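# Secondary and tertiary structure notes
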Amino acid sequence: MSARTLRAEGLSVETWCKPRHETRAGREPVPLVRAAGLDLVTGEVLALVGASGSGKSLACAALLGVLPPGTRSSGGRILLDGIEADPAALRGRAVATVLQAPRTAFNPLRTLADHAAETLAVAGIRGGAAGTAMREAFAAVGLGDDPRVPGLHPFQLSGGMLQRAMIALALMSGAPFLVADEPTTDLDLVAQKRILDLLAGLVRARGLGLLIVTHDLGVVARLADRMAVMEAGRIVEAGPVARVFAAPAAPSTRALLAAHRALHGEPA
Ligand SMILES: Nc1ncnc2c1ncn2[C@@H]1O[C@H](COP(=O)(O)OP(=O)(O)O)[C@@H](O)[C@H]1O
Ligand SMILES: [Mg+2]
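Structural notes, computed from the coordinates. (Residues numbered from 1 in each chain as written. Chains lettered and ligands numbered in written order. Predicted model: local features only at pLDDT ≥ 70, side-chain atom pairs only at ≥ 80, totals over all residues. Heavy atoms only, no water.)

## Overview of the side chain of Thr111
Put simply, the rule reads: Helix and strand definitions follow DSSP, with helices as H or I runs of at least four residues and strands as E runs of at least two, each counted in order from the N terminus. Throughout, a residue-residue contact means that at least one pair of heavy atoms, one from each residue, lies within 4.5 Å.
With respect to the helices and strands, Thr111 occurs in the loop between α3 (102-105) and α4 (112-122). Apart from the residues within four sequence positions on either side, Thr111 is in contact with Pro150, Gly151, Leu152 and His153.

Listed below in structure tokens is the structure:
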């Protein structure tokens, strides 16, 4: 199987000043993401790091074509296997998402099996094949042991189980790429490690391409092949994790590494 690529070029996102900043000339656009480039390859993990507010989530949202209200795209393009594509057309088909707060991603009135049936229908899988695919995906994320799980509603599941269910839905979509924006922030430490190990295992076993946003450089060192560092809306450094850790070029990368080493009591 040859590697597939998902490339974002020149992603740019802007907002408008609030009315109190309004000038006579009208609302000025304010750039939030500035010509960010991201390169994903199947079978590899790309970690996106950077201070809070540096534009990581908006860059992911632009890649997925789901920019929040109050923001708009001001440039850039997405290429799947070298061919320009509309991000909205890729979402859920070529690119699946794992969100920070899984509870918001589920309809509270519907069971996991309902969500699975919907996702599989989009992927063109129905009937008996859908049942098999659902059981296989729930088993792959560690939710296969309890036969009651598919019949449960979101409120009956813990945050960690919901995050597993969201990853199972991503697998059911058949998408070769996965975007996970701080997927473990809302989980306790044990669940965090399990979810990260699960994601890393799926990347290796199924050859998925994973973009993971994290503020934890320990996670980057353990899971990622390459990393990109964002600062004030720009990607200021990108490269193989080993190279960036050994010889960080950008001041903000050096600052992140120094903070990480101080936190873990390692020499700077
Ligand atoms: N919907 C929005 N409207 C206006 N500004 C936004 C919106 N969402 C995020 N921002 C701003 O864009 C910048 C980048 O945000 P974000 O991508 O969420 O950062 P990160 O994920 O790196 O913490 C921040 O300054 C944030 O305040
Ligand atoms: Mg964010």
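The structure having been displayed, the exposition proceeds.
## Looking at the pairing of strand β8 (residues 209-213)
The cut-off we apply is this: Three exposure classes are used, based on accessible area relative to the maximum for each residue type with a 1.4 Å probe and protein chains only: buried under 20%, partly exposed in between, and exposed over 50%. Two strands are said to pair when DSSP picks up at least two bridges between them.
Counted residue by residue, β8 has five buried out of five residues, so it is predominantly covered. Burial along β8 is two-sided: the residues Gly209, Leu211 and Val213 and Leu210 and Ile212 are all buried. Bridging between strand β3 (residues 45-50) and β8 involves four bridges; their strand directions are parallel. By the bridge assignment, Leu48 is partnered in β8 with Val213. Relative to β8, strand β7 (residues 177-181) runs parallel, the two being bridged by five bridges. Directly across from Phe177, in β8, lies its bridge partner Gly209.

## Some words on the sheet that holds strand β2 (residues 29-41)
Whether parallel or antiparallel, the strands of a sheet pair through hydrogen bonds between backbone atoms. Convention followed: Working convention: axes come from line fits to C-alpha atoms, limited for helices to the stretch in contact. Angles between N-to-C directions cover 0 to 180 degrees.
Taken in spatial order, the four strands of this open sheet run β2-β1-β4-β5, and their pairing is antiparallel. With one partner strand each, in any of the chains shown, β2 and β5 (83-85) form the two edges of the open sheet. Geometrically, the sheet is characterised by an average inter-axis angle of 20° between neighbouring strands, direction not taken into account. Both strand β1 (residues 5-16) and β2 contribute to a ladder of nine bridges, which runs antiparallel. Bridge pairing in β2 links Leu11 to Ala36. Of the strands in this sheet, β1, β2 and β4 (72-80) are in contact with helix α1 (residues 56-64), which crosses β1 at around 115°.

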